[in-house]
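# Structure assessment
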Amino acid sequence: MSERIRPPWWLKPLNKVLIVAARTGLPIFGKEKPVILTVTGRRTGKRRSTPITPMEVDGQRYVVGGFPGADWVRNAQANPEAELARGRHVERVRLVELPVEAARPLLREFPTLVPTGVDFMKNAGLITEGRPEEFEALAGRCSVFRFDPPAS
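About the thresholds
Residues numbered from 1 in each chain as written. Predicted model: local features only at pLDDT ≥ 70, side-chain atom pairs only at ≥ 80, totals over all residues. Heavy atoms only, no water. Helix = DSSP H or I, 4+ residues; strand = E, 2+ residues; numbered from the N terminus. Buried < 20%, exposed > 50% of the residue type's maximum accessible area, 1.4 Å probe, protein only. Contact = heavy atoms within 4.5 Å. Areas by Shrake-Rupley, 256 points an atom, 1.4 Å probe, with all protein chains shown as cover. Salt bridge = Lys/Arg side-chain N within 4 Å of Asp/Glu carboxyl O. Patch = residues over 30% accessible without salt bridge, like charges linked within 9 Å, V, L, I, M, F, W, Y side chains within 5 Å. Lys, Arg positive; Asp, Glu negative; His and termini not counted. Charge placed at Lys NZ, Arg CZ, Asp CG, Glu CD. Pairing = 2+ DSSP bridges. Core = buried A, V, L, I, M, F, W, Y, C linked by side-chain atoms within 4.5 Å. Phe/Tyr/Trp six-rings, centres within 6.5 Å; stacked < 30°, edge-to-face > 60°.

## Observations concerning the overall build of the chain
- Of regular secondary structure, the chain possesses five helices and seven strands.
- Mapped from its N terminus to its C terminus, the chain presents α and β elements in the order α-β-β-β-β-α-β-β-α-α-α-β.
- Here the chain holds 152 residues, and 41% of them are scored as buried.
- Looking at the chain alone, contacts between residues at least 24 apart form 66% of all its contacts between residues at least 6 apart.
- As presented, the chain carries roughly 8,800 Å² of accessible surface, and 52% of it is formed by carbon and sulfur atoms.

Written out as C-alpha cells, the structure reads:
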C-alpha cells in the first residue's frame, strides 16, 4: 500500500480539537464521545493519537483508514498494539489488518454504519456518490483493521 493521499489542511487542527473534547468527556455535535486511537509512532516511538469512528459487524469491531497511507495506519501496521479511549475508559487492543477479500464486505457496509465517513471520503476524492460498491472497491487502497485483545 504505497499510495498516499494528502489529507485536507484542516484535518490535523480538527483532530486536535476532537482529542481535547474526548479527553474532557465532551460529546461532539450532540453525539456520543469520540473514540481516540493511540498507536506508537513507527519512527519516533512516541505515542500518536487520532480520533476514529469504529464500526461493529457481527459482534466484532473494526475501523477503516480514511486515507491510503495515513500516518496512523502506517504506525498501526508497524506496531499493532494500541489503545482505544472513550472518555476516561481506556482499552488496550491489537489492530489486525484484514486481507483485501475480508475487507470488501466490511467496506460495503461502511456508508451505512459510519455515515459521517461518506462525506469525508468524498472530499478526499476516494468516492463520488457514496454507494456501497464504491466503498467495496476501496479494498486494497484503504486499510481495514479489526480490534482484537492485546497479545499476552
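Still more ground to cover, so stick around.
## Describing the pattern of salt bridges
- On inspection of all chains with the given rule, the structure shows 11 salt bridges.
- With a closest N to O distance of 3.0 Å, E129 and R131 form a salt bridge.
- For E129, a relative accessible area of 52% gives the class exposed.
- Given the relative accessible area of 35%, R131 is considered partly exposed.

## Section: a positive patch on the surface
- Together, R6, K12, K16, K46 and R48 make up a region of like positive charge exposed at the surface.
- Checked against the element boundaries, R48 lands in strand 2 (residues 47-52).
- Overall, R48 belongs to the partly exposed group, its relative accessible area being 40%.

## Some remarks on the pairing of strand 7 (residues 144-148)
- Examined bridge by bridge, strand 4 (residues 60-64) and strand 7 share three bridges and lie antiparallel to one another. Paired with V63 across the two strands is F145, which belongs to strand 7.
- Bridge count between strand 6 (residues 89-97) and strand 7: four bridges; the pairing is antiparallel. Looking across to strand 7, one finds that R94 is bridged to D148.

## Notes on the nonpolar core
- In this structure, L37 and M121 are the most contacted members of the largest nonpolar core, which totals 36 residues.
- Sort the elements by how many residues they give to this core and helix 3 (residues 100-113) lands first, with four residues.
- M121 has contacts with V64, G65, G66, F110, L126, I127, F135, L138 and C142, leaving out every residue within four places of it along the chain.

## Here we look at the packing of aromatic side chains
- Counted by the stated rule, this structure contains three aromatic pairs.
- Taken together, a centroid distance of 5.1 Å and an interplanar angle of 75° make the contact between F67 and F120 edge-to-face. With F67 in the loop between strand 4 and helix 2 (71-78) and F120 in helix 4 (residues 116-123), this residue pair connects regions lying 53 residues apart in the sequence.
- Among the residues examined, F120 registers a relative accessible area of 26% and is labelled partly exposed.

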